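Coordinate inspection notes
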Amino acid sequence: MDFNYKNIGISGVAGSGKNTLAEILGLFFSRLQLPIKELSIARNLKEEISPVCKSFYSIDSLNCSREEKNLIRPMLVAHGEIKRKMTEGTHWTSLLEKDLEKDKINIITDIRYAEYPEDEYFWLTKKANGVLIHVSRYDEIDGERHFIKPANPSEEKNDHRVKKLADFSLNWKTEKNYGDMIFNCRKLLKWLKKIYVE
């Protein structure tokens, strides 16, 4: 598919702020009057596993709290990895590819793997005309940065690999104020403006 815009993938561990960053990018691009569509690889995974989670745990994987998601995370990761192994990393991206829109900036909030030759990173950069932004969030305690740790062994194994391949790495401090979050993205937004406007 030929795209009219560069697409964007966001990577980072659980709780690093990938969805928050996608919201900020949505506001940024709307101010530039550029059309966007927010997508998630995990959406299809959650749809596939939802009936099992509802039946066994009374948890809707498509609409659950962070605490509930943490409870079912091992099942989500296991199902995701089985499908990835069966297809050498192409199952989830092939499903998501159908949802991309060529006339919009597609923002994919969960690029996590660069393990197989045609894995998520390859798909984003080679097939979906995308750039990758990696997000790391930290708390500052006594002047030292304490980064959010990976939620599971799969994240621990893959996050560093994907981070090395990122076109832009954003390290941001945990903030409660939305304005401060946007301020902490200023270098990223300036970088993106060069790609899309200048």
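The sections below set out a description of the structure shown in this document. (Residues numbered from 1 in each chain as written. Predicted model: local features only at pLDDT ≥ 70, side-chain atom pairs only at ≥ 80, totals over all residues. Heavy atoms only, no water.)

Here the focus is the environment of Val 131. Along the chain, the position of Val 131 falls in strand E4 (residues 130-141). Sequence spacing of Val 131 and Asp 167 is 36 residues, and the spatial spacing of their C-alpha atoms is 6.2 Å. Setting aside its immediate chain neighbours within four residues, Val 131 contacts Lys 6, Asn 7, Ile 8, Gly 9, Leu 124, Asp 167 and Trp 191. (Helix = DSSP H or I, 4+ residues; strand = E, 2+ residues; numbered from the N terminus. Contact = heavy atoms within 4.5 Å.)

For the rest of this paragraph, the subject is the packing of aromatic side chains. What the rule picks out here adds up to five aromatic pairs. Ring plane angle 75° and centroid distance 4.9 Å describe the contact between Phe 29 and Tyr 196, whose orientation is recorded as edge-to-face. One end of the pair, Phe 29, is in helix H1 (residues 18-31); the other, Tyr 196, is in helix H8 (residues 186-196), with 167 residues separating them in the sequence. Pairwise contacts between aromatic rings join Phe 28, Phe 29 and Tyr 196 into one cluster. A cation over a ring is seen here: Arg 84 above Tyr 113, with NZ or CZ 3.6 Å from the ring centre. Here Arg 186 stacks its cationic end above the ring of Phe 183, 4.0 Å away from the centre of that ring. (Phe/Tyr/Trp six-rings, centres within 6.5 Å; stacked < 30°, edge-to-face > 60°. Lys NZ or Arg CZ within 6 Å of the ring centre and 35° of its normal.)

For the rest of this paragraph, the subject is the side chain of Lys 46. By the element assignment, Lys 46 lies in helix H2 (residues 41-57). Nearest to the buried, unbridged Lys 46 among oppositely charged side chains is Asp 110, at 6.8 Å. Sequence-distant contacts of Lys 46, that is, excluding residues within four places in its chain, are made with Ser 61, Leu 62, Lys 69 and Leu 76. (Buried < 20%, exposed > 50% of the residue type's maximum accessible area, 1.4 Å probe, protein only. Lys, Arg positive; Asp, Glu negative; His and termini not counted. Salt bridge = Lys/Arg side-chain N within 4 Å of Asp/Glu carboxyl O.)

When charged atoms on two side chains of opposite charge get close, those side chains can pair. Under the criterion given, the structure shown has eight salt bridges. The salt bridge partner of Arg 43 is Glu 47, with a shortest N-O separation of 3.4 Å. Of this pair, Arg 43 and Glu 47 both sit in helix H2, four residues apart, roughly one helical turn. The class of Arg 43 is partly exposed, set by a relative accessible area of 44%. Of the charged contacts, one joins Arg 84 and Asp 119 as a salt bridge, the two residues approaching to 2.5 Å between their closest N and O atoms. Placement of the pair is Arg 84 in helix H3 (residues 66-87) and Asp 119 in the loop between strand E3 (105-108) and helix H5 (120-127), with a sequence separation of 35 residues. One continuous salt-bridge network, built from bridges that share partners, spans Arg 84, Glu 115, Asp 119 and Lys 157.

Running from amino to carboxyl end, H2 crosses H3 at an angle of 135°, the nearest separation of the two axes being 10 Å. Comparing the axis directions of H2 and H3 gives the class oblique. Every pair of crossing elements has a handedness; the one defined by H2 and H3 is right-handed. The segment H2 lies against H3, with Leu 45, Lys 46, Glu 48, Ile 49, Val 52, Cys 53 and Tyr 57 engaging Lys 69, Ile 72, Met 75, Leu 76, His 79, Gly 80 and Lys 83. Here the residues of the contact of H2 with H3 are counted per class, giving eight nonpolar, two polar and four charged. (Axes fitted to C-alpha atoms, helices over the stretch in contact; angles between N-to-C directions. Parallel < 35°, antiparallel > 145°, perpendicular 65-115°, else oblique. Left-handed = near helix turned anticlockwise from the far one by under 90°. Nonpolar A, V, L, I, M, F, W, Y, C, P; charged D, E, K, R; others polar.)

Before going further, it helps to examine the side chain of Asn 44. Mapped onto the elements, Asn 44 comes out in helix H2. Look past the residues within four positions of Asn 44 in its chain and what remains in contact with it is Trp 92, Leu 95, Leu 96 and Asp 99.

One broad trend across soluble globular proteins is that nonpolar side chains are buried collectively. Among the nonpolar cores identified, the biggest contains 23 residues, and Ile 8, Leu 21, Leu 25, Phe 29 and Leu 192 are the most heavily contacted of them. Broken down by secondary-structure element, the contributors of at least two residues to this core are strand E1 (7-11), H1, E3, E4, strand E6 (168-173) and H8. In terms of residue count, H1 provides more of this core than any other element does, six residues in total. Aside from chain neighbours lying at most four places away, what touches Leu 25 is Ile 8, Ile 10, Ile 107, Ile 133, Leu 188, Leu 189 and Leu 192. (Core = buried A, V, L, I, M, F, W, Y, C linked by side-chain atoms within 4.5 Å.)

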